[in-house]
Amino acid sequence: MANSDFVRQMPLGGHASLQKSLWHRLHLDPALLFLLLIISGFGLFVLYSASGQSVETVKRQGAFFMIAYTAMFFVAQINVDMMRRWSPFVYVLGVLLLVAVLFGGTVGKGAQRWLQIGGFRFQPSEIMKLIMPLATAWFLSSRILPPRIRVVLISLAIAMVPAVLIFKQPDLGTAILVAASGLFCLFFAGLGWRYVIAAGGLAAIAAPIMWFFVMHDYQKRRVLTLFDPESDRLGSGWNIIQSMTAIGSGGIEGKGWLQGSQSALNFLPESHTDFIIAVLAEEFGLLGVIALLLMYSLILVRGIVIGMSAQSTFARLVAGAITSTFFVYVLVNMGMVSGILPVVGVPLPLVSQGGTSLVTLMMGFGILMAISTEQRRLAH
Amino acid sequence: MWQHDRRYMKDPIAEASLFQGRAFTSLLIMAICFVVIIGRYFYLQVIQYQRYQTESDKNRVHVQSVPPKRGLIFDRKGRLLAENISAQSLVLVSERIPDMQSTIEQLQGLLGLSDEDVETFKVRLSRHRPFEEVPIKVGLSEEEMAKVAVELHNLPGVEIRAQLVRHYPYDDMFAHVIGYVGRINEREQQNLDEENYAGTYNIGKLGIERYYESQLHGTVGAQNVETDVRGKILRVLDQIDPIPGKDLTLNLDLDIQKAAFDALDGRRGSAIAIDTRTGGVLAIVSTPSYDSNLFVNGISSKNYSALRDSPDLPLFNRSLQGQYPPASTVKPILGLAGLHFGTITPQTTVRDPGWYQLPNDTRFYRDWKREGHAARINVADAIIQSCDVFFYDLSYKLGIDKIHDFMASFGYGEPTGVDLTSERGGLLPSKDWKLRTYNQPWFPGETLNIGIGQGYMLATPMQMASAVSALANNGEWIQPRVLQKMDDFTPMPKRRKTFEVSQSNWAVVEEAMRDVIHGQRGTARALARQSAYEIAGKTGTAQVVGIAQGEKYDSKALASRQRDHALFVGFAPADAPRIAVAVVIENVEHSSESASVAKKMMDTYLLDKNGELINFAALDGIDG
């Protein structure tokens, strides 16, 4: 009962029943779609400036958006129960692909991330971002919740196996995101608070072990840089000093679109990919940052609301995990560029240039839309 | 009962409310995190705004490339042939110029820049890197400096920069061998190491400058500089010094080069001198020449089209690219081939009525001397008097295959591989070549033409010089080399034996070559007058146009550019050779013209200030 009440109160939930049914038939969530389109459009403007006013780059990114939105649309058509039934098999396949990457992957930028099959090149770690919440939710949704210790441990294993494989590539950013999406499922499944606190304690113990035995030199450097960027001004500290300068010099109102000198002067490395928020902050100021965060927040609220209105535990957990992962993207990216989190390769969703990660991101929103439209069909 | 269910069975309603609790918690956590993020951006953008604004606008730390100093080029006696001089340039940084058009107009008024200068600048501007300084005028005079300096404060983005600019003190004398540096063009840009060339505008385009580009260039350095908003460098924070390019010492000798250059006196031709013992190129001149300095800062299109369109082709490097019939200069080598293969002996004579006919052929092959040289003539006299009939007969008997192989061993038919750019290989015909090129068999009559270095055969002056140097060395061919040493590196030239010719056969040919100059009937006997040493050599006149059967060569009737080329190859001193020389002068008919150029080059190398032969044996003794 509570659920259907919520549907009625939803903003943009459709006042005209005709319109509502059209969106339903297309399996699209109009509120979510509207927010995504606004950020995508805004992102293209920022990208145009960050890429040194390259129409070519914007066109390419526009093409990626078309592909990504199309992918989202198709994913939204899949029946949620079918997703649930298939997820264990897809998970096993995903893990096998990750193993294949470690042994026969293509090396790019010092890390093995790509797998070539025929003429087709792709990153299994990206696909894992989608599979992980589905697989963990599949496992947890068939157990009694809140989960007991044995279930918690198995869920952890499900989350950590792919994460470790991805970390080995090495790709710390994606590994964290993948592990996080599994852990979020656990959290939404009602993981006891004492486990959450215990996990925090474990992490504190694990950190030094990771530092001395697991982390690569370049990963260590990134962490050190966080505490003292000035220690290596021209080396690993360069990015962060330049991005902080770009952000800070933007002030409240910003220097204006296309007026940011930091990226135009090529001071800001990766200005159109991971560090694009610095360009936005420089040109649109704090107001631009807040506006962007506001739109992200609306997406997060909408995602959680979809989860709360979902009919099955599986759908709830998936919606919660996908939304939370999206949140981690935003948090980690904006945190690292502004110098409060270590630099890991996490793009700013919908704004950073890039094809593969955009497509997986939008496919995630496709799953959300499938969940959103399915539960309403049931509500009728 | 209900409690029991709660524990052991799934309870959808309980799970849903559990999720709702977690959902609100997660939204709360997200909100807190976003507040922290906004706090961080607030801190950077509001509280620390002044600091970062200053960082961004006033104290931009640049990593600036420091281009390496280009290596210098010296002649064998340490005289500078290419140096770097400091020049003041006017540079523009378009990103700092509010109105480019008016700035250009202002500068045009100040300096009287031509429209062409402006066009060149705009082309450069269109492909500059962001915030790169693009020169609009290189080499400002004192007066121009003063004019600009006064106005500089009104011209944001305009700077005067001191740069090292390549300079060639001998203008046109070494243009074809040293070459020149010029602006890096787009094609070169794609092939070079961008990092190492950051801050470098010029690259070797031709000759030594191009061949040894990677050694001359050096390795780029870097410095971190603090600049103000206008890009003016406030201070240098730290610097990685560039590694300067290597200095080159060449085998070239300024004096011989000058002697050859002056003796050629702007006529179309080439003169090359080689150190017979090392293969070192002592002089290599192609005239008419051009001033290499014109190209360094970008040649104006007026100057360039004048050079390009001149009928005398000053841009054409005759020494390496000019392919001439070697004419009678091949006779000593062919005579040697005849003796070596036993086709003739020193005593074999041939009847010389002034023409030659193949068996069963009605065609007459003329001798340059209509009445013939003697009733019967032997190989030595045939070389000395340059008898064509003897060599028609000899080449017919040798056949093209033997001629080809023997000549090829002296370096004909392929580039010598000298350390210079755009060398051509001439043409040494063979049966194979004829079949490939014309899809025709070889005709015996064609062999006769090869016997006098005409017909299909072509050679560059460089090939002729290295071949005659091999003659001087009793058959050891040494690859010619312009570079003598680079820092402590001394290149070892390739050497190869031509044919194992017996000493007595060598003696016949060398004696005959000596008598070309010093004999009673030698074709270059004029050189023998007042010579402090003995020269061995061979003259040649190369036909430019074919003379039809029965027609007489009439120089008056021929246009000046159809007259014969004059050739001379030789070495000296004849008994202990030190220097080999090849000279080609186009359309001057008389081989004595070339011979006299060669003589002047030899004199410069072999004679001391008092006009006496330098005692090289003694010098070698000192050298150890």
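Residues numbered from 1 in each chain as written. Chains lettered and ligands numbered in written order. Predicted model: local features only at pLDDT ≥ 70, side-chain atom pairs only at ≥ 80, totals over all residues. Heavy atoms only, no water.

**Overview of the overall build of chain B**
Okay, step 1: Secondary structure summary: chain B contains 24 helices and 22 strands in total.
Okay, step 2: Per-residue burial over chain B gives 51% buried out of 624 residues.
Okay, step 3: Look at the contacts in chain B between residues 6 or more apart in sequence, and 71% of them connect residues 24 or more apart.
Okay, step 4: Counting every atom, chain B has about 28200 Å² of accessible surface; 51% of that belongs to carbon and sulfur. (Helix = DSSP H or I, 4+ residues; strand = E, 2+ residues; numbered from the N terminus. Buried < 20%, exposed > 50% of the residue type's maximum accessible area, 1.4 Å probe, protein only. Contact = heavy atoms within 4.5 Å. Areas by Shrake-Rupley, 256 points an atom, 1.4 Å probe, with all protein chains shown as cover.)

**A closer look at the interface of chain B and chain A**
Okay, step 1: Contact with chain B, which involves 43 residues of that partner, is made by 65 residues of chain A.
Okay, step 2: When chain B packs against chain A, close to 4400 Å² is buried across both sides, 70% of that on carbon and sulfur atoms.
Okay, step 3: Connecting chain B to chain A are zero salt bridges.
Okay, step 4: Along the contact surface separating chain B from chain A lie nine residue pairs in polar contact (both at pLDDT 80 or more).
Okay, step 5: Elements that contribute at least two residues to the side of chain B that touches chain A include exactly helix H1 (2–8), helix H2 (12–47), helix H3 (49–57) and strand S1 (60–66) of chain B.
Okay, step 6: Considering every element that reaches the side of chain B that touches chain A, the biggest residue donor is H2 of chain B, with 23 residues.
Okay, step 7: Its residues placed into classes, the side of chain B that touches chain A shows 24 nonpolar, eight polar and eleven charged. (Buried area = accessible area lost by both parts, 1.4 Å probe. Salt bridge = Lys/Arg side-chain N within 4 Å of Asp/Glu carboxyl O. Polar contact = N/O pair within 3.5 Å; in protein donor to acceptor, adjacent residues only side chain to side chain. Nonpolar A, V, L, I, M, F, W, Y, C, P; charged D, E, K, R; others polar.)

**Regarding the nonpolar core**
Okay, step 1: Residues Leu-250, Phe-390, Phe-410, Tyr-412 and Met-601 of chain B are the most contacted members of the largest nonpolar core, which totals 129 residues.
Okay, step 2: Here this core takes eight residues from helix H21 (residues 461–472) of chain B, the largest share from any one element.
Okay, step 3: When residues of this core are assigned to domains, at least three fall in each of domain 1 (62–250) and domain 2 (321–481 + 488–595) of chain B.
Okay, step 4: Other than its neighbours up to four places away in sequence, Phe-390 of chain B contacts Ile-344, Thr-348, Val-350, Ile-377, Asn-378, Val-379 and Ala-382 of chain B.
Okay, step 5: By size, the runner-up hydrophobic cluster in this structure holds 116 residues, among which are Ala-175, Val-279, Leu-300 and Phe-327 of chain A. (Core = buried A, V, L, I, M, F, W, Y, C linked by side-chain atoms within 4.5 Å. Domains from an automatic or database assignment.)

**Quick notes on the pairing of strand S21 (residues 565–572) of chain B**
Residues and elements named next belong to chain B.
Okay, step 1: The element S21 is extensively covered by neighbouring structure, given that eight of its eight residues are classed as buried.
Okay, step 2: Here S21 shows a buried face lined by His-565, Leu-567, Val-569 and Phe-571 and a second buried face lined by Ala-566, Phe-568, Gly-570 and Ala-572.
Okay, step 3: As defined by bridge partners, strand S20 (residues 536–542) adjoins S21 across seven bridges and the pair is classed as antiparallel. Looking at the pairing, Ala-542 lines up with His-565 of S21.
Okay, step 4: The pairing of S21 with strand S22 (residues 579–585) spans seven bridges and is classified as antiparallel. (Pairing = 2+ DSSP bridges.)

Purely geometric numbers; function is a separate question.
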